[in-house]
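# Commentary on secondary and tertiary structure
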Amino acid sequence: MGYHLHLIAVPEAELREDGVWLAELFDASWDSEEKSPDAVEMVIQKDFFTLDHLVCGAEKHDIGPWLPASLLIFGGRPVYHPTYPDPYVLLTPEEVRVGAEFLKATAFEDLWAVSGAELSGSWGWPEEKVAEVLAQYYGDLRDTYVRAAAEGRAMAKNFAF
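To keep things clear, this report deals only with the structure shown in the data block. (Residues numbered from 1 in each chain as written. Predicted model: local features only at pLDDT ≥ 70, side-chain atom pairs only at ≥ 80, totals over all residues. Heavy atoms only, no water.)

This model, assessed by the stated rule, comprises 8 salt bridges. A salt bridge links glutamate 101 to lysine 104, with the nearest nitrogen and oxygen atoms 3.1 Å apart. One end of the pair, glutamate 101, and the other, lysine 104, are both in helix H4 (residues 93-105), 3 residues apart, so they sit about a helical turn from each other. For glutamate 101, a relative accessible area of 37% gives the class partly exposed. (Salt bridge = Lys/Arg side-chain N within 4 Å of Asp/Glu carboxyl O. Helix = DSSP H or I, 4+ residues; strand = E, 2+ residues; numbered from the N terminus. Buried < 20%, exposed > 50% of the residue type's maximum accessible area, 1.4 Å probe, protein only.)

Given below as structure tokens:
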């Protein structure tokens, strides 16, 4: 599993604000050999902090936690498991819709133009390679949020460190 962010879109009627249930949801997803065609989920390996920086900018506090970009990676309300120190995070279907609208309206190239040079400098890779990796994650994030929003789903997040 490693260091990652795992997102799973869940029908609102099935969602539970229960840390034990959320642990079982994410464990079942990891254990599944084949994903259901109805599954809407993605995993962002270690680069989710960089992706958050890309969508929110270096001064995240300047945009506020209520704005669409803030919802995408770290946004949502925490739900705690009785024995795990880190919370799961949930977004409502409305928050998923707002995030999806932001992603549909914001081109990766526009975000990259603002902070791409800074982000690629910290990786020690050629700028084109960093842009390629983040563009793939951004596209997958957009597809995940847009599909979840179209289906009226909530979003559950699990951060593994």
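All right, on to helix H2 (residues 48-56) then. Counting buried positions along H2 yields 8 of 9 residues, so the element is predominantly enclosed. Taken together, the buried positions of H2 are Phe48, Thr50, Leu51, Asp52, His53, Leu54, Val55 and Cys56.

With that out of the way, let us pick up the packing of H4 against helix H6 (residues 127-150). Between H4 and H6, whose axes approach to 8 Å, the crossing angle comes to 135°. The angle between the axes of H4 and H6 places the two elements in the oblique class. Where H4 crosses over H6, the handedness of that crossing is left-handed. Facing H4, whose interface residues are Val96, Arg97, Gly99, Ala100, Phe102, Leu103 and Lys104, H6 presents Tyr138, Leu141, Arg142, Tyr145, Val146, Ala148 and Ala149. Residue composition of the contact of H4 with H6, by class: 10 nonpolar, 1 polar and 3 charged. (Axes fitted to C-alpha atoms, helices over the stretch in contact; angles between N-to-C directions. Parallel < 35°, antiparallel > 145°, perpendicular 65-115°, else oblique. Left-handed = near helix turned anticlockwise from the far one by under 90°. Contact = heavy atoms within 4.5 Å. Nonpolar A, V, L, I, M, F, W, Y, C, P; charged D, E, K, R; others polar.)

Read these as spatial facts, not as claims about activity.
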